[in-house]
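Read off the chains here:
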Amino acid sequence: MHVRLLILLCLSCLPWVSIAQQNVVKGTVIDSQSKEPLPGVSILVKGTARGVVTDIDGAYRLEAAPSDVLVFSFVGYLQQEIEVGNQSTINISLAEDLDLLEEVVVTGYQSEKKADITGAVSVVKMKDIANIPTGNVMSTLQGRLPGVTVTTDGTPGGVNTGVGIRGVTTINNGTPLYVVDGVQTRANIATLLNANDIESIQVLKDAGSASIYGTQAANGVIIITTKKATKGEVKVDFSSQHTAQFYHTNIDMLDARQWGEVYWSAYQNDGQTPSHDQYGSRPFPLIPEYIDANQTIPAGNTNWADEVYETALLQDYNVTVSKGTDRGSSLFSLNYFDQDGLIKHTNFSRFTARLNTDYNFLNNRLRVGENINVSRWTEILKPGGIEELTIAQHPLIPVYDINGGYAGPTQGLGDKPNPIRLLDQQKDNRNTSWRIFGNAFVEATPVKNLVFRSNLGLNYSTGFHSNFEPRWREGNRTVDKNALVVTTGNAMSWIWTNTANYAIELDNHSINALAGIEAKEETEEWLSARREGFLIQELDYRYLDAGSGTQTNGNAAWRVAMLSHFGKVNYAFMSRYLLSGTLRRDASSRFGANNNSAIFPAITAGWRISEEAFMQDLPFITELKLRGSWGKNGNDLLDNEATYTKYLIQLNKAGYDISGANGGVIPVGIIKERTGNPDIRWEETTQTNFGVDLSMFNNRLNLNLDYFMKNTEDMLIDRPYIAIIGEGGYMAYNGASMKNNGFEAIVNWRSQIARDLNVDITFTGSVYKNEITDLPEDIYYTWGGGNGIDQSVVGQPFGSWMGYRTDGLFRTEAELENGIEQPGKGLGRIRYVDLNGDNVIDDKDRTWLGSEQPRFTGGLNLGLTYKAFDLSLFFNGMVRDAWNNSKFYTDFFQLWTGNHSTRLLDAWNPDENFNSDIPALTAENSNDEGRGSDYFIENGSYMKLKNFVVGYTLPTNLAQTLKMRNMRVFVQGQNLLTFTKYSGADPELLGYPYPLPRTVSFGLNVGF
């Protein structure tokens, strides 16, 4: 009884004790430089949700215990933490957060402060893309960086992702150079890196910043740095993500009944009595019970998109263990990524392991380290053209016949194969690859400010591909042969870089000088074999030795080497006037003896106007810098053998009965395939860039503007040759020229708009203009789509379309009597424009119609945080024209015997659809409406809600109670909304690519 009373007495006193320990703390928060009060500053009791914000006068008041720690934070300023103790008044001066200026950016063989950069360099905000579900981190950059164009489709693993920097630079390979921890590569990033291992990404866009990479930099340079351990206790981080992927970009196709009705209408419009092998000869179409003579294939009503595509799962797991000390650090990570594709059976699965270490000795005068990544991935590929086949296949054909075999086309239903048969045949083929990628380095500082570094990089990969072509039967078609094709290969590249870097500051002068030498070599070899005649087709027998028929093989290899010398000097006076010069010489085995080396110079300058005395009266301007650069880069991505004359040993083209025996074995001969050109040289791109960097209101508003002029000369082409030259007439020449001009902008606003509510808004935009400026005389009117007579692609964008202009449809008899001779014209037919005025529609009326190159690309990221919650919406889009080649199937019944879209139900007719723009149904192509014309060109502009994320981060005090450093859960969606006038499947993906999925993800990040 006494014990109970004692406990109750103690409990009743606890609230009073707590209140007695609380003190009222008040004070004012001001700017450390201007001494002006700062309204809206957040003051939180650390580890809790209790807090206040300063009023208009910068004043605050709250209750806190002596043991509490107050956290003062405000956007654009450095955060401060103050222990209350016995203080009742705590006045704070917050200093500007100059991290944006002091931030170190990797720019090529060295690092520079962002404030000192004078080239056009974009830095990726890794927090914005960290949890986007993809196997290729490059796909997440779409719309987020000005000047960077990313194209991707839904292929599992993101292996079809492409990156372009500042428009189209060349008519040849435009792949940028990737530099991962100092190792240069053009390998597919999806097979190289796990996104969770990446610490930072920088993009060098202009010649001034990229010329240090010389002949490899014309297409831009993307520098990737992987994570390192930070000083402290052992840290363990785990993340997992599960994503559901949905097919959503289908085209509405006709069902079996609608197809018959459209067929009947088309023939009736032509004045004919409809009759079809399957639908009969009645006044109306009748779906038969069977579509083959043997009555084994029942008539179907197949939606082939439902059969080919499915909802798919993506899984991504990461675990990282790291530890850092004064003497060094180590980080080890594992990743498992598995993505099923929307197309049935397709898959990409990857396992990666990474080890990053670095250690220092002799009081940090000697440093050694390595970054090694090992990855293994497997792929189940789709059959080629399956996306288009899904649209084209006839709906009357079922998937299977009554015996469980594959159904197929019969009389009157076209000749396309069964898509499901193709998918089932492909699913067991094996595609497995391994890659070891990384570097080891040693770095020494023999004297103050002088750093020697030697870095050896390696990229080794092997691949094995086994493709079985079984015997098959579908419908009334049978193939009794089978075959196995096995290909294996390996590739290795090494690069050895040695640099010396010296930095010194003398009074107001700052100098940083870099000199280096670099050697690299790339080799690749592959071996393939094919064999026929496999009696047993089961998986356990799909090996070459199990075959008994004809066997063939092939083997080839290539090698390329480069030796480079380079140097760079950065100079700054009073951190105000900036100057930089770069020079690089490359010598490559890819080019002929007459031009196997070249020199690539660059110069940049900058003026930090905000550091001038006359700017001190404008305190709202934090940073204002003008930049300018000029330089030359090269492009060495061409055929390794272009400089050599090539001969092939062949029987079918070069074999000759030289003995005249007219029988027996014909000797194998040699044929000349192409003629080498020892005078070819690098494509050369000269670029001039002007830029402005502006930060205002203590870095809350940031603006970067760039205008560039980029000219590429000596682009390599294979020119045609006259027949009299004979075999081997093809030869590579330097000939074509191109220019790109563009404007890029990125605007960022970040601020605290209310207590615990912060906003971060970023807009990016790019505008380009591309033009072919010159061609050799002999191909001036023929190359690139020219008409061969008087219209050249010179003056047009690369990839321009040539064709006929149209003027709607003929809708009335009066319009038909326009005096212009157009074979096949009639009511409801396309009216072509007589451009040359000769009253005849023919080839002479063809003209340039434009191109699909975007006129504008952009993105908008909206980020909000409220206490422990975060919300992000990312929109991206572009303005461009699009050639909708799906209209071949959707708008013209007469061009194809397979399926068509439901758009044909709205085709023009004089009674019900007089105002329709879809040509009238017909079975005859008398008006030649499949010819290239602007009827196929649409407004391909779009805007997408590309990414949407809602997350919750467990409060620090609660996480620590649960023995965790941090924990965050989130829900994410991709490709949720599309705004467009484009009538095709997806304005982002023209043609028939692997469709992009709509996704919903659930994720967890935990740190211990």
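Scroll up for the structure.
Note that the structure is a prediction, hence the values are computed from the model and not measured. (Residues numbered from 1 in each chain as written. Predicted model: local features only at pLDDT ≥ 70, side-chain atom pairs only at ≥ 80, totals over all residues. Heavy atoms only, no water.)

Draft legend 1. Expanded view of the overall build of the chain. A tally of helices and strands in the chain yields 11 helices and 48 strands. A compact globule built from 1008 residues would reach a C-alpha radius of gyration of about 30 Å, and the chain, at 34 Å, matches this within 12%. Residues counted as buried form 49% of the 1008 residues belonging to the chain. Sequence separation of 24 or more characterises 68% of the internal contacts of the chain that already satisfy a separation of 6 or more. Carbon and sulfur atoms form 56% of the exposed surface of the chain, whose accessible area is close to 46,100 Å². Considering the chain, the positive charge centre built from 86 side chains and the negative charge centre built from 113 side chains are found 7 Å apart. (Helix = DSSP H or I, 4+ residues; strand = E, 2+ residues; numbered from the N terminus. Rg over C-alpha atoms; globule rule 2.2 N^0.38 Å. Buried < 20%, exposed > 50% of the residue type's maximum accessible area, 1.4 Å probe, protein only. Contact = heavy atoms within 4.5 Å. Areas by Shrake-Rupley, 256 points an atom, 1.4 Å probe, with all protein chains shown as cover. Lys, Arg positive; Asp, Glu negative; His and termini not counted. Charge placed at Lys NZ, Arg CZ, Asp CG, Glu CD.)

Draft legend 2. The arrangement of a nonpolar patch on the surface in detail. A cluster of nonpolar side chains, Ile 372, Ile 436, Leu 458, Tyr 460 and Met 492, forms an exposed patch at the surface whose accessible area comes to about 350 Å². If you trace the backbone, Leu 458 turns up in strand S23 (residues 450-469). (Patch = residues over 30% accessible without salt bridge, like charges linked within 9 Å, V, L, I, M, F, W, Y side chains within 5 Å. Salt bridge = Lys/Arg side-chain N within 4 Å of Asp/Glu carboxyl O.)

Draft legend 3. The arrangement of helix H8 (residues 419-426) in detail. For H8, the tally of buried residues reaches 8 of 8 residues, placing the bulk of the element in the interior. Within the sequence span of H8, burial applies to Pro 419, Ile 420, Arg 421, Leu 422, Leu 423, Asp 424, Gln 425 and Gln 426. On the buried face of H8, the contacting elements are helix H6 (304-308), strand S21 (366-380), helix H7 (386-392), S23 and strand S24 (472-474). At the N-terminal boundary of H8, the capping side chain belongs to Asn 418, with an oxygen 2.9 Å from the backbone nitrogen of Ile 420. (Polar contact = N/O pair within 3.5 Å; in protein donor to acceptor, adjacent residues only side chain to side chain.)

Draft legend 4. Broad picture of the environment of Ala 293. Tracing the chain through its elements places Ala 293 in the loop between helix H5 (256-269) and H6. Along the chain, Ala 293 and Gln 411 lie 118 residues apart, while their C-alpha atoms are 9.6 Å from each other.

Draft legend 5. A look at unusual backbone geometry. In the Ramachandran plot, Phe 697 falls in the positive-phi region, its phi being about 55° despite a non-glycine side chain. In this structure Phe 697 comes out as partly exposed when scored by relative accessible area, which is 33%. A positive phi angle, near 65°, is found at Asn 839, a position not held by glycine. Structurally, Asn 839 is set in the loop between strand S40 (830-832) and strand S41 (847-850). By relative accessible area, which is 42% here, Asn 839 ends up partly exposed.

Draft legend 6. Here's a closer look at the packing of aromatic side chains. If you walk through the whole model with that rule in mind, you get 32 aromatic pairs. With centroids separated by 6.0 Å and ring planes inclined at 75°, the aromatic side chains of Phe 600 and Trp 682 adopt a geometry described as edge-to-face. Taken together, the positions of Phe 600 in strand S30 (residues 597-608) and Trp 682 in the loop between strand S33 (669-674) and strand S34 (683-696) put the pair 82 residues apart, joining distant regions of the chain. Put simply, the rings of Trp 259, Tyr 263, Trp 264, Tyr 267, Tyr 279 and Phe 893 pair up and form one aromatic cluster. A cation over an aromatic ring shows up here: Arg 144 above the ring of Phe 874, its NZ or CZ 3.9 Å from the ring centre. It is Arg 421 that lies over the ring of Trp 472; its NZ or CZ is 3.6 Å from the centre. (Phe/Tyr/Trp six-rings, centres within 6.5 Å; stacked < 30°, edge-to-face > 60°. Lys NZ or Arg CZ within 6 Å of the ring centre and 35° of its normal.)

Draft legend 7. Fine view of the pattern of salt bridges. Counted according to the given criterion, the structure contains 46 salt bridges. Between Arg 257 and Glu 261 there is a salt bridge, with its nearest N and O atoms 2.6 Å apart. With a gap of 4 residues between them, Arg 257 and Glu 261 both fall in helix H5, about one helical turn apart. In this structure, the salt-bridge partner of Arg 530 is Glu 469, at a minimum N-O distance of 3.6 Å. Of this pair, Arg 530 sits in strand S27 (residues 509-532) while Glu 469 sits in strand S23, and the two are 61 residues apart along the sequence.

Draft legend 8. Molecular detail of the nonpolar core. Core analysis: the largest hydrophobic core is formed by 43 residues, its most contacted members being Val 308, Ile 343, Phe 893 and Leu 921. Of all the elements, H5 adds the most residues to this core, at 6 residues. The residues contacting Leu 921, other than those within four sequence positions of it, are Val 262, Ser 265, Ala 266, Asn 269, Phe 893, Leu 904, Ala 907 and Trp 908. Counting 25 residues, the second-largest nonpolar core is a separate cluster that includes Ile 132, Met 138, Ile 165 and Ile 189. (Core = buried A, V, L, I, M, F, W, Y, C linked by side-chain atoms within 4.5 Å.)

Draft legend 9. Main features of the side chain of Asn 947. Considering the arrangement of structural elements, one finds Asn 947 in strand S46 (residues 942-953). For Asn 947, a relative accessible area of 3% gives the class buried. At a separation of 3.0 Å, a polar atom in the side chain of Asn 947 contacts the side chain of Gln 972. Here Asn 947 is in contact with Ile 132, Arg 144, Ser 872, Leu 873, Phe 874, Gln 972, Gly 973 and Gln 974, once residues within four sequence places are set aside.

Draft legend 10. Region of the structure containing the pairing of strand S43 (residues 869-879). Pairing between strand S42 (residues 856-866) and S43: 11 bridges, direction antiparallel. Note on S43: the bridge partner recorded for Phe 856 is Val 879. The antiparallel pairing of S42 with S43 creates a hairpin that spans 2 residues between the two strands, and Lys 867 there sits at a positive phi of about 50°. With 10 bridges joining them, S43 and S46 adopt antiparallel strand pairing. The residue bridging Leu 871 from the neighbouring strand is Val 950, located in S46. (Pairing = 2+ DSSP bridges.)

Draft legend 11. The arrangement of the sheet that holds strand S16 (residues 221-226) in detail. Ordered by their spatial adjacency, 5 strands build an open sheet running S10-S15-S16-S13-S14, and the pairing between neighbours is mixed. Strand pairing shows two members of the sheet lacking a second neighbour, strand S10 (121-123) and strand S14 (183-185), which therefore form its edges. Mean inter-strand twist for the sheet, computed between neighbouring axes without regard to direction, equals 20°. Pairing of S10 with strand S15 (residues 198-204) involves 3 bridges; the strand directions are antiparallel. Counterpart to Val 121 in the pairing with S15 is Leu 204. (Axes fitted to C-alpha atoms, helices over the stretch in contact; angles between N-to-C directions.)

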